[in-house]
Amino acid sequence: MGNGVSSFNQFIHELSVDSDTSSIDYSSDEDDLDGICPASPLSHGSRSSRTSTCVNHNWHWTEWMAYIFSWILLPARFLLGIPFLLFRLVNIWGSRSSSDPGSPRPMHFHSFRKAHTSKDHVVHRTTDKRRGVIEDLHLAIEIFIEAIFDMFHKAAHCMLSPSKAFRIFVRWFSSPRAGVKDIDDDVLDASVPTATLGDVDPAPRERNRTPYHPLNTDARTCQDVITELGYPYEAIHVTTDDGYVLLLERIPRRDAQKAVYLQHGILDSSMGWVSNGVVGSPAFAAFDQGYDVFLGNLRGLVSREHVDKKISSRQYWRYSINEHGTKDIPAMIEKIHEVKTAELKISQLDEETNEEQWYKLCAISHSLGGAGMLMYVITRRVEEKPHRLSRLVLLSPAGFHGDCAFVFTVVSYLFLLLAPLLAFFVPAFYIPTRFFRMLLNKLARDFQNYPAFGGLVQTLMSYVVGGDSSNWVGVLGLPHYNMYDMPGVSFRVANHLAQLTRMGKFRMYDYGSTSANMEVYGSPEPLELGEYYGLIDIPVDLVAGRNDQVIRQSMVKKHYKLMKDSSVDVSYNEYEYAHLDFTFSHREELLAYVMSRLLLVEPSQKCHSKSEGSKGLTNSL
């Protein structure tokens, strides 16, 4: 087993690439089609079985004995074919139930299917050829049955032709290669040419394999989704003060004097901002409105990108929400400032002055990204450093979690109780091996292919998260949950969220001792961020979901009330959304609202005059 992937799975992948179908269908009309369509490349065992049954021999007593053996083994063949038959019945039942519009179906199953048949959803296309675990088992059973009967056929042939079997046996010991050749020549005694339908030259050719679908799993990146839709793309690597290497992705509009920075939440990545295609994704909508779009990615990937290539897992995952707000976001925003300043050909501004910058930068954040963004603005104001932002749009922001589902409350208190013990054994919560990440990807595919299975998992997930109706199953099928990389949650981030739930306050991480807190904050208690909302000097737009059971609307209203009491220019709006609907669902009204808030920020007059002056100077030259 190499890289967590078994040789059997590799064989399954090779077979699927050759056959170019998600599963092999052995129908009763197969023999009739052989004379019409060119044969497709098959495995060695399959060629052996087909050839041995299609070659014309003169019937004598050996063939009659083999025929009798096949009838004797018929009960075994029937028993081995039962699982295959069950799979076929499940497939037929699923296709009929999905095609019958009048069939009764639970509401959550219907909504689940509707969410997955959206034409605008990029990452779940009808041309997707990935297989799930159930389809792999289906194919494995077919291969197993074929191999068993091929073995019995060869054994019967050797028993009924002892002289030929003896010659092969002798040549095996004298020359292994010659023995193999004799098996091919004597036992098979035929060859099946292969070709691809539609080719002028019928000679077999090796197919080009896409690097993004190894082992039938979807490993596309945000870059793949953006470029597939015809948009420009740029990747910028950002290094934080503590050595973490972050990926800042960009849909560049280099001459734009207004930019937007989108920050994802927990267990998410920049993929969330482009997953709904051209029509329903905030990133593409902002670009079409003339914005230079930047997509931030927080630390916390399984790949553990760091300047220290030998960093241990325990050292890498040693961070909390503090580092998101004071390390990751500042590094990416300063990189945006550096890039925009260089591209607009403006001299670097003094970091200590409040002079107006030559472009406008707005930020859109979701969930944990919203908490990190608020922490960033407040800490920069406390340190008297510029935060570069002109407006904040926070979609269901984290921070206050005193009012949450009963499940989250119980888990938080249990986590805090066991935290001293877990800290020694669990540095983070993630899937550590490629094999199990591949398995999750394939299971997500099964959830989509089998409505009953997916609906059951969707219902269970909804109960686990307190009744939130988000499309949890659909999110698992996104490409950023693949076998090569996947977002994780560090122990300290989970502990920080548990602290926020228990205290009911939005504050920085509590290191557990007075001395540790004094060393970091200069006080025995962590900084209460809610008490410093008065330092926010830019407009803030808060959006809550009435069906959001992860961060309830009462907690978003608490942000609003504290900001309003602190004289912050803040607005509040709410929709009939669940938690993941803000990013992973196509919501036109939300998209229109967010774009309307961004358009309230106009580029500065200085920027316009500078740009016009530069154009005039260029024209005069």
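This structure is a prediction, so every number in the text was calculated from the model and none was measured. (Residues numbered from 1 in each chain as written. Predicted model: local features only at pLDDT ≥ 70, side-chain atom pairs only at ≥ 80, totals over all residues. Heavy atoms only, no water.)

Asks: Whenever I open this one, the overall build of the protein chain confuses me. Can you help?
Replies: Looking only at helices and strands, the protein chain features 25 helices and ten strands. Within the span of the protein chain, comprising 621 residues, buried residues form 47% of the whole. In the protein chain, the proportion of contacts linking residues at least 24 apart, taken out of those at least 6 apart, comes to 77%. A total of about 31600 Å² of accessible surface is found on the protein chain, and carbon and sulfur atoms cover 59% of it. (Helix = DSSP H or I, 4+ residues; strand = E, 2+ residues; numbered from the N terminus. Buried < 20%, exposed > 50% of the residue type's maximum accessible area, 1.4 Å probe, protein only. Contact = heavy atoms within 4.5 Å. Areas by Shrake-Rupley, 256 points an atom, 1.4 Å probe, with all protein chains shown as cover.)

Asks: Would you explain the pairing of strand β9 (residues 540–545) in this entry?
Replies: Both faces of the sheet carry side chains from a regular strand, because those side chains alternate between them. Taken across its six residues, β9 has six buried, putting it largely inside the fold. Burial along β9 is two-sided: the residues Val540, Leu542 and Ala544 and Asp541, Val543 and Gly545 are all buried. With four bridges joining them, strand β6 (residues 391–395) and β9 adopt parallel strand pairing. Bridge pairing in β9 places Leu394 opposite Leu542. With six bridges joining them, β9 and strand β10 (residues 570–575) adopt parallel strand pairing. By the bridge assignment, Val540 is partnered in β10 with Val570. In this fold, the crossover linking β9 to β10 by way of helix α22 (residues 553–565) has right-handed handedness. (Pairing = 2+ DSSP bridges. Right-handed = clockwise from strand over helix to strand, strands pointing away.)

Asks: What's the story with the packing of aromatic side chains in this structure? I'm lost.
Replies: For any pair of aromatic rings, geometry is given as the distance between the ring centres together with the angle between the planes. Evaluation of the coordinates by the stated rule reveals 18 aromatic pairs. A ring pair is formed by Phe415 and Phe491, whose centres lie 5.2 Å apart and whose planes are at 35 degrees; its orientation type is tilted. With Phe415 in helix α16 (residues 406–422) and Phe491 in helix α20 (residues 491–503), the pair connects residues that are 76 residues apart, well separated along the chain. An aromatic cluster is defined as three or more aromatic residues linked by ring pairs; in this entry it consists of Tyr244, Tyr316, Trp317, Tyr319 and Tyr430. Stacked on the ring of Tyr244, the Lys or Arg Arg299 has its end atom at 3.8 Å from the ring centre. Lying over the aromatic face of Tyr319, Arg299 brings its terminal NZ or CZ to 5.6 Å of the ring centre. (Phe/Tyr/Trp six-rings, centres within 6.5 Å; stacked < 30°, edge-to-face > 60°. Lys NZ or Arg CZ within 6 Å of the ring centre and 35° of its normal.)

Asks: Hey, could you run me through the side chain of Thr341 in this one?
Replies: Structurally, Thr341 is set in helix α14 (residues 321–343). A polar contact is formed between the side chain of Thr341 and the backbone oxygen of His337, at a distance of 2.6 Å. (Polar contact = N/O pair within 3.5 Å; in protein donor to acceptor, adjacent residues only side chain to side chain.)

Asks: What is the right way to look at the sheet that holds strand β1 (residues 234–239) in this model?
Replies: Pairing between sheet strands relies on hydrogen bonds along the backbone, with the strands arranged either parallel or antiparallel. Pairing is mixed across the open sheet formed by eight strands, whose spatial order is β1-β2-β4-β3-β5-β6-β9-β10. The sheet is open, and its two edges are formed by β1 and β10, each paired on a single side. With strand direction ignored, the average angle separating the axes of adjacent strands in the sheet is 20 degrees. Pairing of strand β5 (residues 360–366) with β6, which is carried by five bridges, proceeds in the parallel orientation. Among the inter-strand pairings, Ser365 is bridged to a residue of β6, identified as Leu394. (Axes fitted to C-alpha atoms, helices over the stretch in contact; angles between N-to-C directions.)

Asks: What should I look at first to understand the pattern of salt bridges in this one?
Replies: Oppositely charged side chains may form a pair once their charged atoms are brought near each other. Across all of its chains, the model carries 24 salt bridges by this definition. A salt bridge links Glu343 to Arg254, with the shortest nitrogen-to-oxygen separation between them at 3.0 Å. Taken as a pair, Glu343 in helix α14 and Arg254 in the loop between β2 (245–251) and β3 (258–263) lie far apart in primary sequence, 89 residues in all. You can call Glu343 partly exposed: its relative accessible area is 25%. We note a salt bridge from Glu525 to Arg507, for which the minimum N-O separation is 3.2 Å. On the criterion of sequence distance, the pair formed by Glu525 in the loop between α21 (514–521) and β9 and Arg507 in the loop between α20 and α21 is long-range, its members being 18 residues apart. (Salt bridge = Lys/Arg side-chain N within 4 Å of Asp/Glu carboxyl O.)

Asks: Looking at this structure, I do not really get α14. What am I missing?
Replies: Owing to its 3.6 residues per turn, the α-helix brings residues three or four apart onto one side. The terminal C-alpha atoms of α14, which comprises 23 residues, lie 32 Å apart, in line with the 33 Å expected from a rise of 1.5 Å per residue. Of all the bends in α14, the greatest, near 30 degrees, is centred on Ile329, and the proline Pro330 appears no more than four residues after it. Positioned one or two residues after α14, Lys345 has a phi angle of 55 degrees, which is positive. (Expected span 1.5 Å × (residues − 1). Bend = angle between axes of the 7 residues up to and from the residue.)

Asks: Hey, could you run me through the packing of α14 against helix α15 (residues 368–382) in this one?
Replies: Packed helices, taken two at a time, are described by their axes: the angle between them and the distance between them. The contact between α14 and α15 brings their axes to 8 Å, and the two run at 75 degrees. Considering their axes alone, α14 and α15 lie roughly perpendicular with respect to each other. Between α14 and α15, the residues in contact are Ile321, Asn322, His324, Gly325, Thr326, Ile329, Pro330, Ile333 and Glu334 and Leu368, Gly369, Gly372, Met373, Met375, Tyr376, Thr379 and Arg380, respectively. Among the residues forming the contact of α14 with α15, the class breakdown is eight nonpolar, seven polar and two charged. (Parallel < 35°, antiparallel > 145°, perpendicular 65-115°, else oblique. Nonpolar A, V, L, I, M, F, W, Y, C, P; charged D, E, K, R; others polar.)

Asks: Any chance you could explain the packing of helix α17 (residues 434–449) against helix α18 (residues 451–464) here in plain terms?
Replies: Contact pair α17 / α18: the axes reach a minimum separation of 5 Å and the direction vectors enclose 110 degrees. By the angle class used here, α17 and α18 are roughly perpendicular. In contact with Asp446, Phe447 and Asn449 of α17, α18 contributes Pro451, Phe453, Gly454 and Val457. When grouped by side-chain class, the residues that make up the contact of α17 with α18 number four nonpolar, two polar and one charged.

Asks: Help me out: how do you make sense of α22 in this one?
Replies: The end-to-end C-alpha distance of α22, which contains 13 residues, comes to 18 Å, matching closely the 18 Å that a straight helix rising 1.5 Å per residue would cover. Of the surrounding secondary structure, the elements contacted by the buried residues of α22 are α15, β9 and β10. Ser567 sits one or two positions beyond α22 and adopts a positive phi of about 65 degrees.

Asks: Where do I start with the confidence of the model for the protein chain in this structure?
Replies: Low-pLDDT portions of the prediction should not be read for the details of their coordinates. Here the protein chain shows a mean pLDDT of 75. Residues at 70 or above account for 65%. Predicted confidence is poor over residues 347–354, with pLDDT under 50, and the contacts of this stretch with residues over four places away or in other chains come to twelve contacts. (pLDDT = per-residue confidence, 0-100.)

Asks: Is there a simple way to explain the nonpolar core in this structure?
Replies: One broad trend across soluble globular proteins is that nonpolar side chains are buried collectively. By size, the foremost hydrophobic cluster in this structure holds 61 residues, and its most contacted members are Tyr261, Met373, Leu389, Leu392, Ile536, Val540 and Met563. Top contributing element to this core by residue count: α15, with eight residues. Apart from the residues within four sequence positions on either side, Ile536 is in contact with Leu374, Val377, Ile378, Met563 and Val568. Counting residues in hydrophobic clusters, the runner-up holds 34 residues, among them Tyr231, Val393, Tyr577 and Val594. (Core = buried A, V, L, I, M, F, W, Y, C linked by side-chain atoms within 4.5 Å.)

Asks: Can you help me understand a nonpolar patch on the surface in this one?
Replies: On the surface, Phe406, Val410, Leu414, Leu417 and Leu418 cluster together into a nonpolar patch covering about 520 Å² of accessible area. Locating Leu417 in the fold gives a position in helix α16. (Patch = residues over 30% accessible without salt bridge, like charges linked within 9 Å, V, L, I, M, F, W, Y side chains within 5 Å.)

Asks: Please explain the pairing of β2 as it appears in this structure.
Replies: When you tally the buried positions in β2, you get five out of seven residues, the bulk of the element. Note: β1 against β2, six bridges, orientation antiparallel. Residue pairing in the sheet places Ile236 in a bridge with Leu248 of β2. Following β1, the chain reverses through five residues before pairing antiparallel with β2; Gly243 in that reversal takes a positive phi of roughly 95 degrees. Where β2 lies against strand β4 (residues 292–296), three bridges are found, and the strand directions are antiparallel. In the strand pairing of β4, Arg250 is matched with Phe294.

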